[in-house]
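Chain and residue survey
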Amino acid sequence: MTDPIPPGGPGVPPSRTVREGWESHGVPGPQSLQAGRSQALESAGASWSRRVAELGVGAPHRPRPGDAGGPHRGGAELPLSPPPHPRGLWPLLKPAEPLAAPHSPLQSVSLPRAMASALSYVSKFKSFAILFFTPLLLLPLIILMPAKFVRCAYVIILMAIYWCTEVIPLAVTSLMPALLFPLLKILDSKQVCVQYMKDTNMLFLGGLIVAVAVEHWNLHKRIALRTLLWVGAKPAQLMLGFMGVTAFLSMWISNTATTAMMVPIVEAVLQQMEATSTATEASLGALELADKGKASELPGSQVIFEGPAMGQRENCDRKSMCKAMTLCVCYAASIGGTATLTGTGPNVVLLGQMHELFPDSKDTVNFASWFGFAFPNMVIMLLLAWLWLQCIYMGFNFKKSWGCGLERKNNEKAAYEVLQEEYRKLGPFSFAEVNVLLCFFLLVSLWFSRDPGFMPGWLSVAWAEGETQYASDATVAIFVAMLLFVVPSQKPKFNFCSQTEEERKIPFYPPALLNWKVTQEKVPWGIVLLLGGGFALAKGCEVSGLSEWMGKQMEPLHAVPPAAITLILSLLVAVFTECTSNVATTTLFLPIFASMSRSIGLNPLYVMLPCTLSASFAFMLPVATPPNAIVFAYGHLKVSDMVKTGLMMNVIGVFCVFLAVNTWGRVIFDLDHFPDWANVTHIET
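All of these numbers come straight from a predicted model, not from anything done at the bench.

**Structural notes on the overall build of the protein chain**
Within the protein chain, the regular secondary structure consists of 29 helices and two strands. Looking at the protein chain as a whole, 44% of its 685 residues qualify as buried. The long-range fraction of contacts in the protein chain, counting pairs at least 24 apart against all pairs at least 6 apart in sequence, stands at 78%. With the model as given, the accessible surface of the protein chain reaches about 35,800 Å², and the carbon-plus-sulfur share is 65%.

**What to know about the packing of aromatic side chains**
The full count for this structure, using the stated rule, is 21 aromatic pairs. Between F358 and W677, the aromatic rings sit 5.2 Å apart at their centres with planes inclined by 65°, giving edge-to-face as the arrangement. On the criterion of sequence distance, the pair formed by F358 in the loop between helix 13 (345–357) and helix 14 (367–394) and W677 in the segment after helix 29 (664–669) is long-range, its members being 319 residues apart. Residue F358 is classed as buried on the basis of its relative accessible area of 0%. Ring geometry for F617 against F619: centres 5.8 Å apart, planes inclined by 15°, an arrangement best described as stacked. There is no split in this pair, since F617 and F619 are both buried. Grouped by ring-pair contacts, the aromatic residues F248, W252, F367, F371, F375, F440, F441, W447 and F448 constitute a single cluster.

**Comments concerning the packing of helix 8 (residues 199–216) against helix 19 (residues 473–483)**
It is the contact of helix 8 with helix 19, at a shortest axis distance of 8 Å, that shows an interaxial angle of 35°. For the pair helix 8 and helix 19, the crossing hand works out as left-handed. Where helix 8 approaches helix 19, its residues D199, M202, L203, G206, G207, I209 and V210 are matched on the opposing element by D473, A474, A477, I478, V480 and A481.

**Quick word on the pattern of salt bridges**
By the definition in use, this model includes 12 salt bridges. The closest approach of N and O atoms between E548 and K552, which form a salt bridge, is 3.8 Å. With a gap of four residues between them, E548 and K552 both fall in helix 23 (residues 546–553), about one helical turn apart. A cluster of three or more residues bridged by salt bridges with shared partners is formed by K198, E356 and K539.

**Some words on a nonpolar patch on the surface**
Where nonpolar side chains cluster on the molecular surface, the patch consists of Y121, F125, F128, F132, F133, L136, L137, L139, I143, L144 and M145 and spans about 1,200 Å² of accessible area. Within the secondary structure, F132 sits in helix 3 (residues 111–144). Judged by relative accessible area, F132 falls into the partly exposed class, the value being 45%.

**Concerning the side chain of N628**
The residue N628 is located in helix 27 (residues 626–632) in this model. Sequence-distant contacts of N628, that is, excluding residues within four places in its chain, are made with C330, A618, F619, M620, L621, P622 and M642.

**Concerning the nonpolar core**
Of all hydrophobic cores here, the largest spans 164 residues; its most connected members are V155, M239, F242 and M243. The greatest single-element share of this core, amounting to 14 residues, is contributed by helix 14. Excluding residues within four positions of it along the chain, V155 makes contact with L180, F181, L184, I186 and L537.

What counts, and where the lines are drawn
- Residues numbered from 1 in each chain as written.
- Predicted model: local features only at pLDDT ≥ 70, side-chain atom pairs only at ≥ 80, totals over all residues.
- Heavy atoms only, no water.
- Helix = DSSP H or I, 4+ residues; strand = E, 2+ residues; numbered from the N terminus.
- Buried < 20%, exposed > 50% of the residue type's maximum accessible area, 1.4 Å probe, protein only.
- Contact = heavy atoms within 4.5 Å.
- Areas by Shrake-Rupley, 256 points an atom, 1.4 Å probe, with all protein chains shown as cover.
- Phe/Tyr/Trp six-rings, centres within 6.5 Å; stacked < 30°, edge-to-face > 60°.
- Axes fitted to C-alpha atoms, helices over the stretch in contact; angles between N-to-C directions.
- Left-handed = near helix turned anticlockwise from the far one by under 90°.
- Salt bridge = Lys/Arg side-chain N within 4 Å of Asp/Glu carboxyl O.
- Patch = residues over 30% accessible without salt bridge, like charges linked within 9 Å, V, L, I, M, F, W, Y side chains within 5 Å.
- Core = buried A, V, L, I, M, F, W, Y, C linked by side-chain atoms within 4.5 Å.

These results come straight from atomic positions and should not be treated as a statement about function.
What follows is the structure, given as structure tokens:
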């Protein structure tokens, strides 16, 4: 027999009639139950106190370490629960503060909890184990085979594991050649350390400083908003505008900075469009209700009410648009960085590896030749990415994408107003922005005109003697970077006679566009060390003979068609870069691919170019690249969304690169012939 449950269910206060019915049938009501509860508690407490007094315990025992649940003072064990209560009362009686029973360590632990505890310990010590045990586990490699190229392989494998797991910062891992190469007698310290500040590092550093100036004066935001206002506010046009602007900015400044600047603009536009849609739906709903009210007054009228399906579909469409608009920004940032030599780290790694592994290649890869090869690829890939996002998230419905109907027009108007408001906040074009823009144009024009290839450049006027070229792209980058610390950010005032006392105290020459404090804070110095570590590894591979050994192991690939080799290796790099840094990926793979190309008589650029571009195709995971992480943090996307969309983006990227290498890339870099500069690598020891 069970205790009576109040009508209405547990926790529902009974009505007065019900309470009177209880009492008339002899069932205790709430007041009787409360009185019984107090009496039972007093009785239980008295019996518990007597039991404690009999055992001679003055206070409830709190177990100390080492008690192990053994006998308490007095030689007896305390009961683990209070004495039983009268039958039928205890389920309804819940003491306010039950007496604390001593803890027993013999309580059973479930298997899932034990497994979870074990996994937590594994994850806790994972970094420690990788950091300290990896070098020890790899030691037999150099003990059993003490050749120089094996010692170099030991360093490369160790750095690859540290780079992939990031147990220590990437830049710190990049310093390992400066420590291990001299200790393992692969290279002396002078030969290693000189690799950390080569011509390529200076090129990248100069480009980063110019990018810092553009960001510091918000020039990138002005360019972005002006372009979006020109493109239009229809959904399809707006997405294409976001992608075009993001890709263009990512060509010159970092992918991360571009994404961090563009995503808040996208978010503001989406929020305003959603608010406008809500207001439009409310007004349309009011009109529909009024029309239905009028229609119901007519004889024989039949009113049909629409269910919530239409609203759910509109909500789903809005979510899809949010996903498409945010994904297009991070994808465009990664794609746009591939178009210029300084746009992203892997491109700079390729340039440095070419100079290190093939010194006789001269200026085969420079800013102009790379732009001619990579920019058309970037445009094609950007358009295909736009079509893919339209197809998967907007269903390629031109009525929706290009805007029809009252709600669409209101959304476009709202988006345009947001862009106008953001542009208005920037104020008029400032003197500093004009100067930064002039410096930027000077940098690009000097890069393109230095040695364009189809005509003599300014390099041949006074800075080339025979085979020696005194000025490189790095010279141009450092020149413009230094100008930014000289060119004023305000107009100098020449009205000395009419100046006030306060104005005379101000120095005549205004502050420069950049100062060192801003530069030091915003330049990612770790990437310079990362590049240097890659160049040191390449040098060690050449000197130790590891490159030659790897080339011999890959000679059987001579029977495989070159196009198939390129396709397979591009897919391999595209998958690998999802899990590790794109710069680290390029640094690890390019020396191997160069050795393989030499061994099978294939132009090294035929493999190195597509693999360099594929290292930037990290589209599938939020942690694959910083732009993905920034977009994911806004909450519109799930991991499954990124994997589903990014998988096809990887296929699109590899296909576009394969097309570029086998068409106009063959003409620009003469990929059909094995070059003389790849026959012998001159090593300065």
